[in-house]
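# Examination of the molecular architecture
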Amino acid sequence: MVASADDTLLPSKDGLTNAASPSGERAVPSETSQRFDTLHTSLVGMMAIVLILLAAVALPIFGYAPVTDKGSFFIITAATFGGIGYLCFLNYAVYKLVCDHDRLNEVLMDSLGQGFLSFGHDGLCDSVYSNACLDLLQTSPAGKNIMDVLRIPEEGREDFKGWLDILFMPDHALGFSDVINFLPQFFPHEKKRRITLMYRPIYTKGRMLSRVVLIATDTTEEFEAQELAKRRQDYADMICRIFRERNQFLATITHVRSFLERAAEPVSRENSVSLLRLLHTLKAAVKHFHLADLASTVHSLETELRSDSIESEEAFRNALEAGRQLIDKQLNVVLDTIRELIGQDYEGRGNTREIEESALYNFALVMSVSGVNQDVVDHYLRFIVAVPIQDCFRQFERELLDLAEITGKQIKPVRFSGSNPPVLFREYQGLIFSLTHVSRNIIDHGIEPSVTRLARGKDPAGQISVEANIVRDKAEGKDWLYLIISDDGNGIDVAQVRERLALLEPEERWSEKDDQTVMQSIFSFGVSTREEVTETSGRGVGMNVVKREVENLNGEIHVSSELCVGTRFEIKVPYVLSI
């Protein structure tokens, strides 16, 4: 790094800054500074000698007698050569000291194993850099533009230059630490090493930004250690969740096996909609139990099967079969792991016994067929088999928290209200299972980032509410289960939905339809306001899955929303508490 006399640098809390303190005081001079002070003093002495010699030579010109005394001449000559010799000695000593310090700085920089370089407002890198840049940044940065060094893609260069302009503005509202968050944080290394980038400022005495120091650090080992720790944590969370939510886990395994069975049958691309819908739902379910490898495989398979690159039926079936085999293999690995943990015997568990849910239902069926009083059967179902509906939403709540953590958003614990009626889980299993898509819709589309919520005058943490009640329809003489899932988030942008629908179904006159009609179209297959597909949303499938599950129960679902206020899903299905 090269600094002018006004850019003397010292380490500071915020980076590198000048040596002058606000009060004008300076640090104690270093040995190098003292040598330079000696050199300056000698130069003044030499200037005096030269002036004396010049005056001696100029005496005859101005009519004065020249110096003719030999003694005086020898004294002047000796003083002159002595001063010049001493000056040469000091110059050599200072030069040697500066070179030693320069070599020491180079050794120190290289010994850290980090890449150091600096650049200015024009983006050009200085000629001084550490040797580690050649390995970490895979180039010699001297004289090159920082955008070329960091391999900024063409589409991102305008943004990079814009942030660089803001960075060097003297009076911009954002601080240095705020702006650098928009600069690249990692270098795309060809050998897949994880190179972390940090930025530090160099200020002048006037606190003006002079240059930016880029520090490149190889954090591959640290990242791999963090990933290993995360995998171990996910493994522990997987085991805990499987034990806590055994029924939901068994239901997930049942759905995976159902997919494997259906995928093994002859399936064409035209009649694969229901199979792809099931695959989309499975991704969310297995991810909830931290089955990362299985979730990644399901996501990749769904992406491949929906890709336009598959042009023939044979290619579609081959991709489906390859994915099916891989999912089957990974499922067996998961089940083997669970069997090793749980074991085959139940010794040490005291007199406690576990009874499968199917056995409880079968017992109720046996009682009913055997002519047992229906009141007894209903009493058994209500108090033995049925579970409070809030218990069915525990997975829904935990998934909300997981998704909020992944997306960096804040939410409060789910607020439950209503009568919390008992329900037969098996009757509503498909519906409860599909609500994973509602949770993803709420976090991905509904709840805003904390900064946005604060700007809108909201609490930084979003609030999701679930209300459950049983309503008696006197005209029909039957009970209905009402579920209301609401949030206080961004709401649905009807204009954006209408614009998306116009692209998907140009033959329909969506501009003439009312907002409520347009809003209900989010339950249609393939409708999504996201431009890019992510692991949480974007395919336009999830909400269609929820609607189909509601319709399978002969129920109804309706959505209402107000922009920047929130969204409300109302689900109405028959209430069943008997066989």
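Chains are numbered independently. Their residues run from 1 in the order of the written sequence. Local features are withheld for residues below a pLDDT of 70 in this predicted model, meaning they are given only at 70 or higher, and side-chain atom pairs are given and counted only at 80 or more; totals for whole chains, interfaces and linings count all residues. The basis for every side-chain value is the complete set of non-hydrogen atoms in the structure, without hydrogens or water.

### Examining helix H13 (residues 374-385)
Burial classification: accessible surface area is computed with a 1.4 Å probe over protein chains only, and a residue below 20% of its type maximum counts as buried, one above 50% as exposed, and the rest as partly exposed. A run of DSSP states H or I qualifies as a helix once it reaches four residues; a run of E qualifies as a strand once it reaches two. Both are numbered from the N-terminal end. All of the buried residues in H13 are Val-377, Tyr-380, Leu-381 and Val-385. With its buried residues spanning 95° around the axis, H13 presents them on a single face. What points out from H13, more than 90 degrees from its buried face, is the exposed set Asp-375 and Phe-383. Two N or O atoms form a polar contact when they lie within 3.5 Å of each other; inside protein one atom must be a possible hydrogen donor and the other a possible acceptor, and for residues adjacent in sequence the pair counts only when both atoms belong to side chains. Of the residues that open H13, the one with a side-chain oxygen 2.7 Å from the backbone nitrogen of Asp-375 is Asn-373. By definition, the arc is the one covered by directions from the helix axis to the C-beta atoms.

### Digging into the packing of helix H17 (residues 436-446) against helix H21 (residues 542-552)
Interaxial distance between H17 and H21 falls to 8 Å at its minimum, and their mutual angle equals 140°. In terms of axis orientation, H17 runs oblique to H21. For H17 against H21, the interelement crossing comes out left-handed. Contacts between H17 and H21 involve His-437, Val-438 and Asn-441 from the former and Gly-542, Met-543, Val-545 and Val-546 from the latter. Looking at the contact of H17 with H21 residue by residue, the class counts come to 4 nonpolar, 3 polar and no charged. The axes used here are C-alpha line fits, helices contributing only the stretch in contact, and every angle between their N-to-C directions lies in the interval 0 to 180 degrees. Geometric relationships in this document are graded by angle, where less than 35 degrees denotes roughly parallel, more than 145 denotes roughly antiparallel, 65 to 115 denotes roughly perpendicular, and other angles denote oblique. Each crossing gets its handedness from the near helix: less than a right angle anticlockwise from the far helix is left-handed, clockwise is right-handed. Any two residues whose heavy atoms approach within 4.5 Å at even a single point are treated as in contact. Gly counts as polar in this scheme, as do all residues outside two lists: the nonpolar Ala, Val, Leu, Ile, Met, Phe, Trp, Tyr, Cys and Pro, and the charged Asp, Glu, Lys and Arg.

### Some words on the sheet that holds strand S13 (residues 566-574)
The strand order across the open sheet formed by 5 strands is S8-S10-S11-S13-S12, and the pairing between neighbours is mixed. Each edge of the sheet is formed by a strand with only one pairing partner; in this case those strands are strand S8 (415-418) and strand S12 (556-562). On average, adjacent strands in this sheet sit at an angle of 15° to one another, irrespective of strand direction. Packed onto the sheet, helix H15 (residues 394-407) meets S8, strand S10 (464-473) and strand S11 (478-487) and runs at close to 155° relative to S10. Packed onto the sheet, H17 meets S10, S11 and S13 and runs at close to 25° relative to S11. In this analysis, strands are considered paired if DSSP registers two or more bridges between them.

### Considering the packing of aromatic side chains
Whether two aromatic rings pair depends on their centres lying within 6.5 Å, for rings of Phe, Tyr and Trp, where Trp uses its six-membered ring; planes under 30 degrees apart make the pair stacked, over 60 edge-to-face, and the rest tilted. Taken as a whole and assessed by the stated rule, the structure comprises 6 aromatic pairs. Arranged with centres 4.1 Å apart and planes meeting at 5°, the rings of Trp-163 and Phe-182 form a pair that is stacked. Pair noted here: Trp-163 is in helix H5 (residues 154-167) and Phe-182 is in the loop between helix H6 (176-179) and strand S4 (186-188), with a separation of 19 residues, a long-range link. With centroids separated by 5.6 Å and ring planes inclined at 85°, the aromatic side chains of Phe-393 and Phe-396 adopt a geometry described as edge-to-face. Of the two residues, Phe-393 and Phe-396, neither departs from the other in class, the shared state being buried. The rings of Phe-393, Phe-396 and Phe-416 are connected pair by pair, giving a single aromatic cluster. Consider the ring centre and the ring normal. A charge sits over the ring if Lys NZ or Arg CZ is within 6 Å of that centre and within 35 degrees of that normal. Over the aromatic face of Phe-223 sits the side chain of Arg-194, whose NZ or CZ is 3.9 Å from the ring centroid. Across the ring face of Trp-480, the terminal group of Lys-572 is positioned such that the distance to the ring centre comes to 4.4 Å.

### So, the nonpolar core
With 54 residues, the main nonpolar core has Phe-393, Phe-396, Leu-435, Val-438 and Ile-485 as its most contacted residues. Setting aside residues up to four positions removed in sequence, Phe-396 forms contacts with Leu-435, Val-438, Ser-439, Ile-442, Ile-464, Val-466 and Ile-485. Counting residues in hydrophobic clusters, the runner-up holds 32 residues, among them Ile-239, Val-267, Leu-278 and Leu-279. Residues enter a nonpolar core if they are buried and are Ala, Val, Leu, Ile, Met, Phe, Trp, Tyr or Cys, with the set joined through side-chain atoms within 4.5 Å.

### With respect to a nonpolar patch on the surface
Note on patches: the residues involved have over 30% relative accessible area and no salt bridge, like charges join within 9 Å, and the nonpolar side chains Val, Leu, Ile, Met, Phe, Trp and Tyr join within 5 Å. Computed with the Shrake-Rupley method and a 1.4 Å probe, the accessible areas treat only the protein chains shown as cover for residues. Any Lys or Arg side-chain nitrogen found within 4 Å of a carboxyl oxygen on Asp or Glu counts as a salt bridge. Together, Ile-61, Phe-62 and Tyr-64 make up an exposed nonpolar region whose accessible area comes to about 440 Å². Its location among the elements puts Phe-62 in the loop between helix H1 (31-58) and helix H2 (70-111).

### A closer look at the confidence of the model for the protein
pLDDT expresses how confident the predictor is about each individual residue, on a scale running from 0 to 100. Here the protein averages 82 in pLDDT, and 84% of its residues register 70 or above. pLDDT under 50 marks residues 1-29. Its contacts with residues more than four places away, or in other chains, come to 46 contacts. Confidence over residues 344-351 falls short of pLDDT 50; this stretch has 5 contacts with residues more than four positions distant or in other chains.

### Notes on the pairing of S10
Taken residue by residue, a regular strand's side chains alternate between the two faces of the sheet. Two strands pair when backbone bridges link them, and S8 and S10 are joined in this way by 4 bridges, in the parallel orientation. For Phe-416, the partnering residue across the bridge sits in S10 and is Val-466. Bridging between S10 and S11 involves 10 bridges; their strand directions are antiparallel. Opposite Ala-468, over in S11, you have Leu-483 as the bridge partner.

### Structural notes on unusual backbone geometry
Despite not being glycine, Arg-151 shows a phi value in the positive range, around 60°. With respect to the helices and strands, Arg-151 occurs in the loop between helix H4 (146-149) and H5. A relative accessible area of 32% places Arg-151 in the partly exposed class. Residue His-290 is not a glycine yet carries a positive backbone phi of 60°. Along the polypeptide, His-290 turns up in the loop between helix H9 (273-288) and helix H10 (292-305).

### Some points on the pattern of salt bridges
On inspection of all chains with the given rule, the structure shows 24 salt bridges. The salt bridge partner of Lys-161 is Asp-165, with a shortest N-O separation of 3.7 Å. You can see Lys-161 and its partner Asp-165 sitting in helix H5, 4 residues apart, about one turn around the helix. Since its relative accessible area comes to 45%, Lys-161 is described here as partly exposed. The class of Asp-165 is partly exposed, set by a relative accessible area of 27%. With a closest N to O distance of 2.8 Å, Glu-448 and Arg-456 form a salt bridge. What makes Glu-448 buried here is its relative accessible area of 4%. Three or more residues joined by partner-sharing salt bridges are found here, namely Glu-448, Arg-453, Arg-456, Lys-458 and Asp-488.

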